[in-house]
Amino acid sequence: MTMNAARGSLLGIEHLSPDEIFRVLKSARRMNPLKPPPLLRGKRVFLLFYEASTRTRSSFEVAAKSMGAMTTLVLSSGSSIEKGESLLDTGYTLQAVGADMIVVRHPHAGAPALMAKYLDVPVINAGDGMHEHPTQALLDGYTILRHKKTIKGVQVAIVGDIYHSRVARSAIYLLTKLGAKVTLCGPPEFVPDLATSLAPGLRITRTVEDAIRGADVIMTLRVQKERLAGMKVSLQDYVARYQITLARLKLARKDAIVMHPGPIIRGLELTWEVADCPQSAIVEEVKNGVPVRMAVMARAIGRAG
Ligand code: CP
């Protein structure tokens, strides 16, 4: 169980039940970032980031502060992590100075789970290696629900570098648990055949037109250039075969939405025109991160909104 009911940790989507997911999404819907409930008043939330982040870090901070928490940011650069302090010793330190909750992003899969195992405070996974990014999946589910009213039966095409993507992994777990029909699309280096074992009912196609045709949601992912060393992937070829363009978008349903967890690389995984088109929900996803993270943190301390 990754969301420990007693301690409120959120480590991944894989082991959550559909009911647990819906409870968080319903709680997020009740959260009004313009009139936030003071559910974290007097609480100390530590944001422990070993990797770069703009959206996740800032929305956790805004969400926590708006509910009355005091937040402290600890980055690997400029902290004692640079001197060699271990993950657990850093966790014990934050707990000793009064953390009520730790939000952690780490380059290694399993780092948040390790902290949750040994610490007495809830730990929230803000992205761990190539494993999971559960709050991104929750805000993506929230965004789809706002547009489509349901997730059951919704056709979702996930296009791009799925192999390296913790966002894709969490999204696949969440969407299939809630009954979406999910198609994965990309070259074999990005979407190995083995990816179908992640969840029941997954389909793989190597042709982006096939993936997009009739889709309700197109979720494109950042090509993680920093992780491509040793892989036989030509970015030029990727753009020609898989980039989301306005012409390709026309194959989807008229009311289809385009999603991307960000940061987007315009001209690579999608064109400028697609990023800014009326069907783009990319900025809205970022906005939805605030109520979703409010709900996750309220849940962590046993005060679901
Ligand atoms: N989607 C996402 O995790 O973005 P950041 O890396 O900016 O937090």
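Residues numbered from 1 in each chain as written. Predicted model: local features only at pLDDT ≥ 70, side-chain atom pairs only at ≥ 80, totals over all residues. Heavy atoms only, no water.

A word on the overall build of the chain
Rules: Elements are defined by DSSP. Helices are runs of H or I of four residues or more, strands are runs of E of two residues or more, and each kind is numbered from the N terminus. Atoms considered for the radius of gyration are the C-alpha atoms alone. The globule rule reads 2.2 Å times the number of residues to the power 0.38. Throughout, exposure labels follow a simple rule: accessible area from a 1.4 Å probe, protein chains only, divided by the maximum for the residue type, with under 20% read as buried, over 50% as exposed, and the rest as partly exposed.
Helix and strand content of the chain: 11 helices and nine strands. Taken over C-alpha atoms, the radius of gyration comes to 19 Å for the chain, in line with the 19 Å a tight globule of 305 residues would show. Principal-axis analysis of the C-alpha atoms gives the chain an extent of 55 × 45 × 35 Å. Among the 305 residues that make up the chain, the fraction classed as buried is 55%.

Thoughts on the pairing of strand β1 (residues 44-49)
Basically, it comes down to this: Here, a strand pair is defined by DSSP locating no fewer than two bridges between the strands. By convention, orient the strands away from the viewer: a clockwise path from the first strand over the helix to the second makes the crossover right-handed.
Of all six residues making up β1, five are buried, and the element is well covered by its neighbours. Across six bridges, β1 lies against strand β2 (residues 70-75) in parallel orientation. By the bridge assignment for β2, Leu-47 is matched with Leu-73. Taken together, β1, helix α2 (residues 55-66) and β2 constitute a β-α-β crossover, and its handedness is right-handed. When β1 meets strand β3 (residues 101-106), the two strands line up parallel, connected through five bridges. For Leu-48, the partnering residue across the bridge sits in β3 and is Val-104.

Digging into the site of the ligand
Here is the rule: Consider each residue's heavy atoms; a residue with any of them within 4 Å of a molecule or strand counts as near. Here a polar contact is taken to be a pair of N or O atoms separated by no more than 3.5 Å, where protein atoms must pair a possible hydrogen donor with a possible acceptor and residues adjacent in sequence count only if both atoms sit in side chains. Here the Shrake-Rupley method, with its probe set to 1.4 Å, supplies the accessible areas, and only the displayed protein chains count as covering residues. With a 1 Å grid laid over protein atoms only, a set of points is called a cavity when a 1.4 Å probe fits there but cannot get out and a pocket when it is open yet has protein on both sides within 12 Å along at least five of seven lines; lining residues have an atom within 4 Å of a point. Any molecule with more than half of its atoms within 2 Å of a cavity's or pocket's grid points is regarded as sitting in that cavity or pocket. In this entry, domain limits derive from an automatic or database-based domain assignment.
Contacts to the ligand come from Ser-53, Thr-54, Arg-55, Thr-56, Arg-105, His-133, Gln-136, Pro-261 and Gly-262. Between the ligand and Arg-55, the relevant distance is 2.9 Å, taken from an oxygen atom to a main-chain nitrogen or oxygen of the residue. Side-chain polar atom of Thr-56 to an oxygen atom of the ligand: 2.6 Å apart, as the coordinates give it. The protein chains hide 92% of the 250 Å² of surface that the ligand would expose on its own. Of the pockets mapped on this structure, the ligand occupies the largest pocket. Formed jointly, the shell around the ligand draws a minimum of three residues from each of two domains, domain 1 (18-132 + 289-300) and domain 2 (135-285).

Things to note about the sheet that holds β2
For clarity, the cut-off: Note on geometry: axes are C-alpha line fits, over the in-contact stretch for helices, and angles between N-to-C directions span 0 to 180 degrees. Whether two residues are in contact is decided by their heavy atoms: any pair within 4.5 Å suffices.
Within the open sheet, the four strands sit side by side as β2-β1-β3-β4. Their pairing is parallel. Because the sheet does not close on itself, it has two edges, and the strands there are β2 and β4 (123-128). Strand-to-strand twist across the sheet, computed as the mean angle between neighbouring axes with direction ignored, equals 15°. In the packing of α2 onto the sheet, contacts are made with β1, β2, β3 and β4, and the angle to β1 comes to roughly 175°.

Regarding the pairing of β4
Counted residue by residue, β4 has six buried out of six residues, so it is predominantly covered. Sheet topology places β3 next to β4; four bridges connect them, and they run parallel. Residue pairing for β4: Val-103 is matched across the bridge by Ile-124. In this fold, β3 hands off to helix α4 (residues 111-118), which returns the chain to β4; that crossover is right-handed.

Let's talk about helix α3 (residues 87-96)
For the α-helix, the turn length of 3.6 residues means that residues three or four positions removed from each other point alike. Note the cut-off: It is the directions from the helix axis to the C-beta atoms that the arc portrays.
Restricting attention to buried positions, one finds in α3 the residues Leu-87, Leu-88, Thr-90, Gly-91 and Leu-94. When α3 is viewed along its axis, its buried side chains cluster within an angular range of 160° and face the same direction. On its buried face, α3 sits against β1, β2, β3 and α4. Taken from the residues just after α3, Gly-98 is the one with a positive phi, measuring 110°.

Honestly, it's all geometry; don't read function into it.
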